[in-house]
Amino acid sequence: MKNFKYIIAIFSMVLLLSSCEEVIELNLDTATEKYVIEANLTDHANGARVLISKTKSYDSSNDFVGITGAVVEIEDQLGNVTRLTESAKKGVYLHSTLKGTPTQTYKLKITVGGQTFTSTCVMPALVPLEDVYPYELNLFDGPRLFTHVKYTDPIGVKNFYRFIEYKNDVYTKSIMATNDEFTDGKTVNQTIFPYEFDDESKLKKGDRIKLEFLTIDEPVYKYWFSVDNGAQGGGDSAAPANPVSNIKGGAIGYFSAHTIQSKEYTVK
């Protein structure tokens, strides 16, 4: 990963402001074709979204080619089962009203192509997002703005977080995950590093920034952590090489039941 060592070097400069993080670079599996599952359940209505596709060779198109005809169900810990409906876009399964409750456990079941895949995920308690703001750091090439996220980590509880940044409504590919190993019970000002340190990724006056703040459970954190050595892949794909998946049955990907909050600001 060409940026990972550089990011670690920068991290040492901002240790007091930020906990350990990993910039996730995604990879395409070139081995035996497998199903790819990207399943999310949030604490908001219309937050249930499952994408089903298959792995492709590294040199093939990165366009999403969805798998149709799957039966996708999410069960809560009371035994209530909700079936998701395939949208107009092939391979994308949604539900308009289903939402999760923090601290509750959810089960995912997908039946497709004569195979069954299952997963269980706990939606963590919500940790309030306090602020999102630009912060300037002096690098070797001069001063540069980065998005910072402020929150207070609950004391005595293992917590795991994920951050997703958009600039001018475009996803920046900066998928970052962190834990509270060094920030338990502390107020955290988390630096969000770009996917690539080039002119295009620099924050400029007038840029509109949106930051999504997710509380995730440990298996989901391990999934994103496990892809940090993957080669560069395209899009928000869940098909890295040999990830630590929390899905049983042989599929690649993840099932994440998480809280989600967002804040926006404009660079001035």
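For the structure, see preceding data.
Numbering of residues begins from 1 in every chain and follows the order in which that chain's sequence is written. Only residues with pLDDT of at least 70 get local features here, since the model is predicted, and only at 80 or more are side-chain atom pairs given and counted; chain-wide, interface and lining totals rely on the full set of residues. For side-chain calculations, the full set of non-hydrogen atoms in the structure is used, while hydrogens and water are omitted.

S.K.: Explain the overall build of the chain here, please?
M.R.: Helical segments are the DSSP runs of H or I of at least four residues, strand segments are the runs of E of at least two, and each set is numbered from the N terminus. Counting its regular elements, the chain contains two helices and 18 strands. Each residue gets one of three labels from its accessible area relative to the maximum for its type: buried under 20%, exposed over 50%, partly exposed in between, using a 1.4 Å probe on protein chains only. A buried classification covers 49% of the 268 residues belonging to the chain. Relative to all contacts within the chain whose residues are 6 or more apart in sequence, the contacts with residues 24 or more apart total 68%. We get accessible surface area from the Shrake-Rupley algorithm with a probe of 1.4 Å; when it comes to residues, only the shown protein chains can shield them. Looking at the chain as shown, the accessible area adds up to about 12800 Å², and 51% of this sits on carbon and sulfur atoms. Residues count as neighbours in contact if any of their non-hydrogen atoms are within 4.5 Å of one another.

S.K.: Is there a simple way to think about the pairing of strand β14 (residues 176–179) in this case?
M.R.: In summary, the side chains of a regular strand alternate between the two faces of the sheet. Burial along β14 is two-sided: the face carrying Met-176 and Thr-178 and the face carrying Ala-177 and Asn-179 are both buried. The rule for pairing is simple: two strands pair if DSSP sees at least two bridges between them. Inspection of the sheet shows strand β12 (residues 160–167) paired to β14 by four bridges, in the antiparallel sense. Its bridge partner being in β14, Tyr-161 is matched across the sheet by Thr-178.

S.K.: Please clarify how the sheet that holds strand β5 (residues 81–83) should be interpreted in this entry.
M.R.: Sheet strands pair by backbone hydrogen bonding; their relative direction is either parallel or antiparallel. Strand order across the open sheet formed by five strands is β5-β4-β8-β9-β17, with antiparallel pairing between neighbours. Where the open sheet ends on each side, the last strands, each with one partner, are β5 and β17 (247–248). Bridge count between strand β8 (residues 105–112) and strand β9 (residues 115–122): eight bridges; the pairing is antiparallel. Bridge pairing in β9 links Thr-105 to Val-122.

S.K.: What am I meant to see in the pairing of β8 here?
M.R.: Here β8 shows a buried face lined by Tyr-106, Leu-108, Ile-110 and Val-112 and an unburied face lined by Thr-105, Lys-107, Lys-109 and Thr-111. Examined bridge by bridge, strand β4 (residues 71–75) and β8 share five bridges and lie antiparallel to one another. Paired with Glu-75 across the bridge in β8 is Lys-107. The hairpin formed by β8 and β9 contains two residues between the paired strands, and Gly-113 there has a positive phi angle of roughly 55 degrees.

S.K.: Explain the sheet that holds strand β10 (residues 129–139) here, please?
M.R.: One open sheet accounts for three strands, arranged β10-β11-β15; its pairing is antiparallel. Here the strands that pair on one side only, and so sit at the sheet edges, are β10 and β15 (187–192). Along the sheet, successive strands turn relative to each other by an average axial angle of 35 degrees, direction set aside. The pairing of β10 with strand β11 (residues 142–152) spans ten bridges and is classified as antiparallel. Residue Asn-138 lies in a different strand from β11, and its bridge partner there is Pro-143. Note on definitions: angles span 0 to 180 degrees between N-to-C directions of axes, and those axes are lines fitted to C-alpha atoms, for helices only across the stretch in contact.

S.K.: Help me understand the packing of aromatic side chains in this model?
M.R.: Each pair of aromatic rings is reported with the distance of its centres and the angle of its planes. Only Phe, Tyr and Trp rings take part, Trp by its six-membered ring, and two of them pair if their centres are within 6.5 Å. Stacked means planes under 30 degrees apart, edge-to-face means over 60, and tilted covers everything else. Inspection of the entire model under this criterion finds 13 aromatic pairs. Summarising the aromatic geometry, the rings of Tyr-161 and Phe-213 are spaced 5.4 Å apart at their centres and angled 15 degrees between planes, so their arrangement reads as stacked. Linking Tyr-161 in strand β12 with Phe-213 in strand β16 (residues 208–216), this pair joins segments that are 52 residues apart in sequence. Of the two residues, Tyr-161 and Phe-213, neither departs from the other in class, the shared state being buried. The rule is short: NZ of Lys or CZ of Arg within 6 Å of the ring centre and within 35 degrees of the ring normal puts a charge over the ring. The lysine or arginine in question, Lys-54, covers the ring of Tyr-35, its NZ or CZ lying 4.8 Å from the ring centre. It is Lys-210 that lies over the ring of Tyr-166; its NZ or CZ is 5.9 Å from the centre.

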